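Architecture at a glance
Spelled out, the chains give:
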Amino acid sequence: MARISQRAMNNVVIIAMLIMIALFNLDSLRPQKNNVQTRRLLPEDTYVLKIEHDGNSLERVGQQWRQKGQVQHLAITPDVQFSHWQRAELTPATEIPESVLAIQPYITVVWLAGNANGLLYAIYPDPTSTVIKFENNWYTLTNTDLDKLLPWIK
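Residues numbered from 1 in each chain as written. Predicted model: local features only at pLDDT ≥ 70, side-chain atom pairs only at ≥ 80, totals over all residues. Heavy atoms only, no water.

**A word on helix H3 (residues 78-87)**
The criterion, for reference: Partly exposed describes any residue whose relative accessible area lies between the buried limit of under 20% and the exposed limit of over 50%, with all areas from a 1.4 Å probe on protein chains only and scaled to the type maximum. A run of H or I in DSSP becomes a helix once it reaches four residues, and a run of E becomes a strand once it reaches two; helices and strands are each numbered from the N terminus. It is the directions from the helix axis to the C-beta atoms whose arc is reported. By definition, residues are in contact when any of their heavy atoms lie within 4.5 Å.
Taken together, the buried positions of H3 are occupied by Pro78, Gln81, Phe82, His84 and Trp85. The buried residues of H3 occupy an angular sector of 150° when projected down its axis, which confines them to one face. Buried residues along H3 sit in contact with strand S2 (48-53), strand S3 (56-61), strand S4 (64-68), strand S6 (106-112) and helix H5 (146-149).

**What to know about the pattern of salt bridges**
Rule in force here: Whenever Lys or Arg places a side-chain nitrogen within 4 Å of a carboxyl oxygen from Asp or Glu, that contact is recorded as a salt bridge.
Going through the model one piece at a time under the given rule, you end up with 6 salt bridges. A salt bridge links glutamate 59 to arginine 66; the nearest nitrogen and oxygen atoms lie 2.6 Å apart. What makes glutamate 59 buried here is its relative accessible area of 8%. Residue classification places arginine 66 among the partly exposed residues on the basis of a relative accessible area of 39%. Of the charged contacts, one joins glutamate 59 and lysine 68 as a salt bridge, the two residues approaching to 3.9 Å between their closest N and O atoms. With a relative accessible area of 43%, lysine 68 lands in the partly exposed category. Within this structure, Lys50, Glu52, Glu59, Arg66 and Lys68 form a network of salt bridges that share partners.

**As for the confidence of the model for the protein chain**
Stated formally: Confidence per residue, as judged by the predictor, is encoded in pLDDT with a range of 0 to 100.
Residues with a pLDDT of 70 or more make up 95% of the protein chain, whose mean pLDDT is 89. Within the protein chain, the lowest mean pLDDT, 76, falls on helix H2 (residues 26-29), and the highest, 96, falls on S6.

**Topic: the packing of aromatic side chains**
To describe a pair of aromatic rings, one takes the distance between the centres and the angle between the planes. The condition that has to hold: Aromatic contacts are taken between Phe, Tyr and Trp rings whose centres are within 6.5 Å, Trp giving its six-membered ring; a plane angle under 30 degrees counts as stacked, one over 60 as edge-to-face, and the others as tilted.
A complete count under the given rule lists 4 aromatic pairs for this structure. For the ring pair tryptophan 85 and tyrosine 121, a centre distance of 6.4 Å and an interplane angle of 65° mean the geometry is edge-to-face. Remark: tyrosine 121 occurs in strand S7 (residues 119-124) and tryptophan 85 occurs in helix H3; sequence separation between them is 36 residues. Accessibility assignment for this pair places tryptophan 85 and tyrosine 121 in one class, buried. Ring centres 5.3 Å apart and planes at 45° place the aromatic pair tyrosine 124 and tryptophan 138 in the tilted group. Of the two residues, tyrosine 124 is situated in strand S7 and tryptophan 138 in strand S9 (residues 137-142); the sequence distance between them amounts to 14 residues. Since its relative accessible area comes to 11%, tyrosine 124 is described here as buried.

Here it is as structure tokens:
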């Protein structure tokens, strides 16, 4: 039997551990395809502080919601407006109509507790469907309407 020094044995153990770590993390080392899936408009289990768009906002005041902006009387209450934000879903867009790209988007920022930066949504209203660009992916808005999310838009 061959004799191995203490130092050589330590090197064998270190190399074996590195190989095990590489094997356990093999999936994360391979490049992943950018599979975009259906998701909620607002991330789940987050505490939303404010939703802003063009000088108008929906902001949290304690456990209630308040609408602030240029339009005084809206057709929807703040609580109902926020519930539409919670139930809205984003479905990956298979095709983006060319008419959408010619439209100026509604830029909306959602501020979450604990995050220094807000979530930025570029909302493109289209007569057939509302298209949203979020995190460099294109989605179609489902489960609600744009006038429920941003009732101050006319």
